[in-house]
Amino acid sequence: MDSLEGTLWDVVLYGTGIRQSLLALALSRSDKKILHIDSHQWYGGAEAAFSLQEAKTWVEGIQHELEHPQFKKASLHHPERDDSQTDAPKLSYPRAYSLALAPQLIYARSDLLRLLVSSKVEKQLEFVAIGSWWVYQSALAPQGSSDDGTADGGESSRSSLLRVPSSREDVFADTTLDLNGRRKLMKFLRFIARFEDEPDTWQQHASKPFPEFLEQQFGIPVAIQSPLIALTLSLKPPSEITTEFALSKIATHLRSIGVFGRGFGAVIPKWGGLSEIAQVACRACAVGGDNGAYAAEEESQDGADSSFKIKLSSDGRVSTRWLVGDVEDLGLGSMKETSIGGGDSRSDTAIIASRSVTVVSSPLGSLFPPVAEGSPPPAGAVVFFPSGSLCTAGSEEISQNHSPVYIQVHSNDTGECPKGQSVLYTFTAELGPPGLQLLTNAMTGLLAAVEEDPTPIALWQMQYEQSSQWADADPPHTLHAVNNDRIICLPSSSPDLSFDDAIIENVRDAWKRIMGDEVDDASFMVFEDREEMAGIDEDDDDLG
Amino acid sequence: MADSTGAQAPKPSSSVKLVLLGEAAVGKSSLVMRFVNNDFQENKEPTIGAAFLTQKCNLPTRTIKFEIWDTAGQERFASLAPMYYRNAQAALVVYDITKASSLTKAQHWVAELQRQASPGIVIALVGNKFDLANPSSSSAAEGEGEEGEEGEGDARKIPAATAKAYADEEALLFFETSAKTGMNVAEVFTAIANAIPETSLKGPRGAAGQSGRQQEESRVNLTGPRDNVGAKEGCAC
Ligand SMILES: Nc1nc2c(ncn2[C@@H]2O[C@H](COP(=O)(O)OP(=O)(O)OP(=O)(O)O)[C@@H](O)[C@H]2O)c(=O)[nH]1
Ligand SMILES: [Mg+2]
């Protein structure tokens, strides 16, 4: 067994977030010596999944600033229970929960799913379907006028959820639209199926607001745009969503439907979102712990074999040819401008969101109607609260320009909570107390709109803010003197609602740099089955 | 590859996911190594994360292929355990008969499995390091200095009867073993193989997701479309 210090490692991989874990998987069948370490007690970094106990520890870590500043303002809420009422809904034991920091949905055509299959780790995972998308309509919102595309259904006195049509048949059957509205939506759906081939229709709108495009090119009035905007999964107000972005997101959504079964197009890994993928990928390389706060400090550089020494806080010094981590872990604040955001990284990179995770006392069954005969029953749903559907802090009136809110609802089929309960994951770009108020209002609205008696209640909640990069100027640590092209700095995680395939590109790039000329793209994460091997088939380049 | 040379009898074969749990250094990896490679190491290093191994077990009427997840006993890996015991059809919960705290830890694992794992999971409680118990057969015991146990005679801290009574109460299989001498090791795995209900056995795949019809149903298959997929909906490609 190699000792840590005595070994020249080919790669020191720092952190077990989704990117590092996928890279560990990609490198796992190479003959590289890999030291994979994490400073945390849990796997998954910003993509971890927690039991209630672990969530509490995590929140306390953030409060005491032990965690990366990517997460901020975390708090826990345990509504008071009246224990004399024995049949009052209760939390189950802490490990009955596996709450996801990154409950990202994965579209059927994502490269991630393809690679999980080709690398054979998919067999160790389970996926469940995201079924319906819903748009929340507030009772307080002004009702449609006669020529806005909505059907004249009289005044509605309560808030409601409208199911987003996912096919032309759905649009046709949608009674909330008048004939004119249906016809326009159909036209748009026909266009988007092949929008790349019709640049004349949209190219001049590419970087302009999507709502204007819908109105000008398709005559779709603002009143019936929400279902389409819901599919973009963007946290921005509609006026800031570009046409190009929206078209590609909506097309991805629609083109994914039917790939793994009728009526749904997105899946999530069971048992806690991306965490599960990170863990399975990590297993390809054993992972050791490094209990210090920071990964590495450049120590010396040895020109001859282009290796360098790094200092681990717990295990002394190790020599390596490559060091890989993310911005937070490596403390490479100075590199953030250049290396953040794979692909198109203009303004979309610095996403900051208010988040909450709430365990609810009801399975919320009405949000998971069967999507199609023969398809698996959905375990997740997305609820969209458009701008102009919620009240903001201190007001009883609907605010017309608050940030949109998304809630991902996960049933107990996701394995994240026990039977009889469900988990709400909320997202909004509004920060601070107004953001939290908005999230609370959205949840209250949702729980009222499902019309259950008694109204479901929150049993447990955590709130926090998450940013995709450091908001503060000064990173605590720098690695100025280091040979930069041997340090690979992966972008940090962002509070996205869906998995971003740019992550795969980052990982593939890192893999290619490390492997050099030995490899071509086609062999990325393509592995033989090793099921028939008996005996220990873990890589033995762990740190035993 | 214990089995690869044997003539392939047309016996039905099925996979069984098995997980090993227990305090650090009780001998989980050693038991697996004995079972899979018929080998033993005096100073085995602690497991990091978990190790995956497979081994076949021939029963008179069928072949069971164990997919074994050997987890790390060190506390810092404890939060990983659920992902290994989920969907497991069998668990080996190991303690060290020379260390009292290890039975307590084992009991915690059993309780957690009973609450959290698949309802039909077969659990075996295993008291390892039997060779250290019997002075006449543990000539190497003094050299080992297990947990600082030394002195004359019996290093045993947990009477077999105590553990057996607990196992009976919880309806667990129970064995005392020695990974070092090999005593009872194969027997544990055979007993587990025999105890897995026929109905929960499936073909080589599908073994996962045993935990009930309902979960099986909600599962999305990524490797092939369901029989009746029609691509007409929404899918424009
Ligand atoms: N005398 C004796 N020693 C044993 C026996 N089984 C294991 N050991 C020794 O106990 C020590 C720990 O064994 P491991 O198999 O690594 O224990 P483990 O449960 O896998 O430990 P972790 O991986 O840290 O959870 C090693 O030094 C083994 O040689 C046994 O049956 N008898
Ligand atoms: Mg071990």
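Residues numbered from 1 in each chain as written. Chains lettered and ligands numbered in written order. Predicted model: local features only at pLDDT ≥ 70, side-chain atom pairs only at ≥ 80, totals over all residues. Heavy atoms only, no water.

1. Focus on the overall build of chain A
Counting its regular elements, chain A contains 14 helices and 19 strands. Burial status across chain A gives 59% buried among its 544 residues. Once local pairs closer than 6 in sequence are excluded, the contacts in chain A between residues at least 24 apart make up 75%. As presented, chain A carries roughly 21200 Å² of accessible surface, and 48% of it is formed by carbon and sulfur atoms. (Helix = DSSP H or I, 4+ residues; strand = E, 2+ residues; numbered from the N terminus. Buried < 20%, exposed > 50% of the residue type's maximum accessible area, 1.4 Å probe, protein only. Contact = heavy atoms within 4.5 Å. Areas by Shrake-Rupley, 256 points an atom, 1.4 Å probe, with all protein chains shown as cover.)

2. Observations regarding the overall build of chain B
The helix and strand tally for chain B stands at seven helices and seven strands. Going residue by residue from the N terminus, the α and β elements of chain B occur as β-α-β-β-α-β-α-β-α-α-β-α-α-β. Here chain B, with 237 residues, has 52% of them falling under the buried criterion. By sequence separation, contacts in chain B at least 24 residues apart represent 71% of the contacts at least 6 residues apart.

3. Focus: the coordination of the magnesium ion (ligand 2)
Residue and element names in this part refer to chain B. Donor atoms from the polypeptide that bind the magnesium ion (ligand 2) are Ser-29 (OG) and Thr-47 (OG1), placed at 2.0 Å. Taken together, the positions of Ser-29 in helix α1 (residues 28-37) and Thr-47 in the loop between α1 and β2 (50-58) put the pair 18 residues apart, joining distant regions of the chain. For the pair Ser-29 and Thr-47, one class covers both residues: buried. (Donors = N, O, S within 2.8 Å, 3.2 Å for Na, K, Ca; no water.)

4. Considerations on the site of ligand 1
Residue and element names in this part refer to chain B. Around ligand 1, a shell composed of 26 residues is seen, among which Lys-28, Ser-30, Gln-41, Glu-42 and Gly-73 lie nearest. At 2.7 Å from an oxygen atom of ligand 1 is found a side-chain nitrogen or oxygen belonging to Lys-28. Measuring from an oxygen atom of ligand 1, one finds a side-chain N or O atom of Thr-47 at 2.8 Å. Sort the elements by how many residues they give to the shell around ligand 1 and α1 lands first, with three residues. (Near = heavy atom within 4 Å. Polar contact = N/O pair within 3.5 Å; in protein donor to acceptor, adjacent residues only side chain to side chain.)

5. Some points on the packing of aromatic side chains
Here a ring pair, both rings aromatic, is described through the centre-centre distance and the interplanar angle of the planes. Throughout the structure, instances matching the rule amount to 19 aromatic pairs over all chains. Arranged with centres 5.6 Å apart and planes meeting at 40 degrees, the rings of A:Phe50 and A:Trp58 form a pair that is tilted. Here A:Phe50 and A:Trp58 have matching classes, each one buried. An aromatic cluster of three or more residues is present, and its members are A:Phe188, A:Phe191, A:Phe210, A:Phe213 and A:Phe218. The ring of A:Trp322 carries the charged tip of A:Arg486 above its face, separated from the ring centre by 4.4 Å. Looking at B:Arg115, its charged tip hangs above the ring of A:Tyr93, at a distance of 4.2 Å from the centre. (Phe/Tyr/Trp six-rings, centres within 6.5 Å; stacked < 30°, edge-to-face > 60°. Lys NZ or Arg CZ within 6 Å of the ring centre and 35° of its normal.)

6. Quick word on the nonpolar core
Judged by nonpolar contacts, the single largest core of 78 residues is most densely connected at A:Phe127, A:Ile277 and B:Leu125. Here this core gathers at least three residues from each of two domains, domain 1 (8-51 + 272-333 + 473-535) and domain 2 (73-79 + 88-96 + 127-143 + 154-165 + 264-269 + 336-469) of chain A. If near-sequence neighbours (up to four positions away) are discounted, B:Leu125 is found in contact with B:Val93, B:Tyr95, B:Leu103, B:Ala106, B:Ala163, B:Tyr166, B:Ala167, B:Leu172, B:Leu173, B:Phe174 and B:Phe175. Grouped together as the second largest cluster of nonpolar side chains are 71 residues, A:Phe50, A:Leu185, A:Ile220 and A:Leu497 included. (Core = buried A, V, L, I, M, F, W, Y, C linked by side-chain atoms within 4.5 Å. Domains from an automatic or database assignment.)

7. As for the sheet that holds strand β5 (residues 122-128) of chain B
Residue and element names in this part refer to chain B. Here we have six strands laid out as an open sheet, ordered β2-β3-β1-β4-β5-β6, and mixed in their pairing. Both edges of this open sheet fall to β2 and β6 (173-176), since each of them pairs with a single strand only. Each strand of the sheet is rotated relative to its neighbour by a mean of 25 degrees, with strand direction disregarded. Packed onto the sheet, helix α5 (residues 160-169) meets β4 (90-96), β5 and β6 and runs at close to 165 degrees relative to β6. (Pairing = 2+ DSSP bridges. Axes fitted to C-alpha atoms, helices over the stretch in contact; angles between N-to-C directions.)

8. Notes on the packing of helix α1 (residues 18-27) of chain A against helix α10 (residues 274-283) of chain A
Residues and elements named next belong to chain A. Viewed as axis vectors pointing N to C, α1 and α10 meet at an angle of 35 degrees, and their least axial separation amounts to 8 Å. Regarding α1 and α10, the two cross each other, and that crossing is left-handed. In contact with Ile-18, Ser-21, Leu-22, Ala-24 and Leu-25 of α1, α10 contributes Leu-274, Ile-277, Ala-278, Ala-281 and Cys-282. (Left-handed = near helix turned anticlockwise from the far one by under 90°.)

9. Notes on the confidence of the model for chain B
In this model, chain B carries an average pLDDT of 78, and 72% of its residues clear a pLDDT of 70 or more. Low pLDDT, under 50, characterises residues 1-9 of chain B; the predicted model gives this stretch seven contacts beyond four residues in sequence or across chains. (pLDDT = per-residue confidence, 0-100.)

10. Regarding the packing of helix α5 (residues 179-192) of chain A against helix α7 (residues 210-218) of chain A
Residue and element names in this part refer to chain A. Two elements in contact, α5 and α7, have axes separated by 11 Å at closest approach and are oriented at 110 degrees. Here α5 is positioned roughly perpendicular relative to α7, judged by the angle of their axes. Contact with α5, carried on its side by Lys-184, Lys-187, Phe-188 and Phe-191, involves Phe-210, Phe-213, Leu-214, Gln-217 and Phe-218 of α7 and no other residues of that element. Across the contact of α5 with α7, the residue classes tally to six nonpolar, one polar and two charged. (Parallel < 35°, antiparallel > 145°, perpendicular 65-115°, else oblique. Nonpolar A, V, L, I, M, F, W, Y, C, P; charged D, E, K, R; others polar.)

11. Some remarks on the confidence of the model for chain A
Should the pLDDT be low somewhere, the predicted coordinates at that spot are not to be read in detail. Residues and elements named next belong to chain A. Put simply, chain A has an average pLDDT of 81, and 79% of its residues get 70 or more. Within chain A, the element-level pLDDT minimum falls on helix α12 (residues 336-339), averaging 34, and the maximum on strand β16 (residues 405-410), averaging 98. Contacts from residues 470-482, a stretch scored under 50 in pLDDT, to residues over four places away or in other chains number 34 contacts. Below a pLDDT of 50 lies the segment residues 531-544, which in the model reaches 47 contacts outside its immediate sequence neighbourhood of four places, other chains included.

12. Focus on the pattern of salt bridges
Note on pairing: side chains with opposite charge can pair once their charged atoms come close. Applying the stated criterion to the full structure yields 16 salt bridges over all chains. In this structure, A:Glu60 engages A:Lys56 in a salt bridge whose closest nitrogen and oxygen atoms are separated by 3.4 Å. With A:Glu60 and A:Lys56 both in helix α2 (residues 52-63) and four residues apart, this pair spans about one turn of that helix. For A:Lys56, a relative accessible area of 38% corresponds to the partly exposed category. Notably, a salt bridge pairs A:Arg95 with B:Glu112, separated by 2.4 Å at the nearest N-O pair. Of this pair, A:Arg95 sits in the loop between β4 (71-77) and β5 (99-100) while B:Glu112 sits in helix α3 (residues 100-116), each in a different chain. Residue A:Arg95 is classed as partly exposed on the basis of its relative accessible area of 23%. Each of the salt bridges in this network shares a partner with another, and the network as a whole consists of A:Glu126, A:Lys270 and B:Arg219. (Salt bridge = Lys/Arg side-chain N within 4 Å of Asp/Glu carboxyl O.)

13. Digging into the side chain of A:Ser159
Residue and element names in this part refer to chain A. Mapping Ser-159 onto the fold places it in the loop between β7 (127-137) and β8 (160-163). Looking at Ser-159, its side chain comes within polar contact range of the side chain of Tyr-136, at 3.2 Å. Not counting residues up to four positions away in its chain, the partners in contact with Ser-159 are Tyr-136, Gln-137, Ser-138, Ala-139 and Ala-449.

14. Re the environment of A:Ala246
Residues and elements named next belong to chain A. Relative to the elements of secondary structure, Ala-246 occurs in helix α9 (residues 243-256). You can call Ala-246 buried: its relative accessible area is 0%. For the pair Ala-246 and Thr-232, spaced 14 residues apart in sequence, the C-alpha separation works out to 5.5 Å.

15. Focus: the environment of A:Val450
Residues and elements named next belong to chain A. Looking at the secondary structure, you find Val-450 in the loop between α13 (432-449) and β18 (458-467). Sequence separation of Val-450 and Ser-366 is 84 residues, and the distance between their C-alpha atoms is 6.8 Å. Ignoring anything within four residues of it in the chain, the contact list for Val-450 reads Leu-161, Leu-364, Ser-366, Leu-367 and Pro-456.

16. Thoughts on α2(A)
Residues and elements named next belong to chain A. Given a rise of 1.5 Å per residue, twelve residues ought to cover 16 Å, and the 16 Å separating the end C-alpha atoms of α2 matches this to within 8%. Buried residues of α2: Leu-52, Ala-55, Trp-58, Val-59, Gly-61 and Ile-62, and no others. Looking at the packing, one finds that the buried side of α2 touches β3 (49-50), β4, β5 and β18. Glu-65, located one to two residues past α2, shows a positive phi value of around 55 degrees. (Expected span 1.5 Å × (residues − 1).)

17. Some details on the environment of A:Ser403
All names here are of chain A. Secondary-structure assignment places Ser-403 in the loop between β15 (380-385) and β16. The class of Ser-403 is buried, set by a relative accessible area of 11%. Non-local contacts of Ser-403, meaning those with residues more than four positions away in its chain, are made with Ser-387, Thr-428, Ala-429, Glu-430 and Leu-438.

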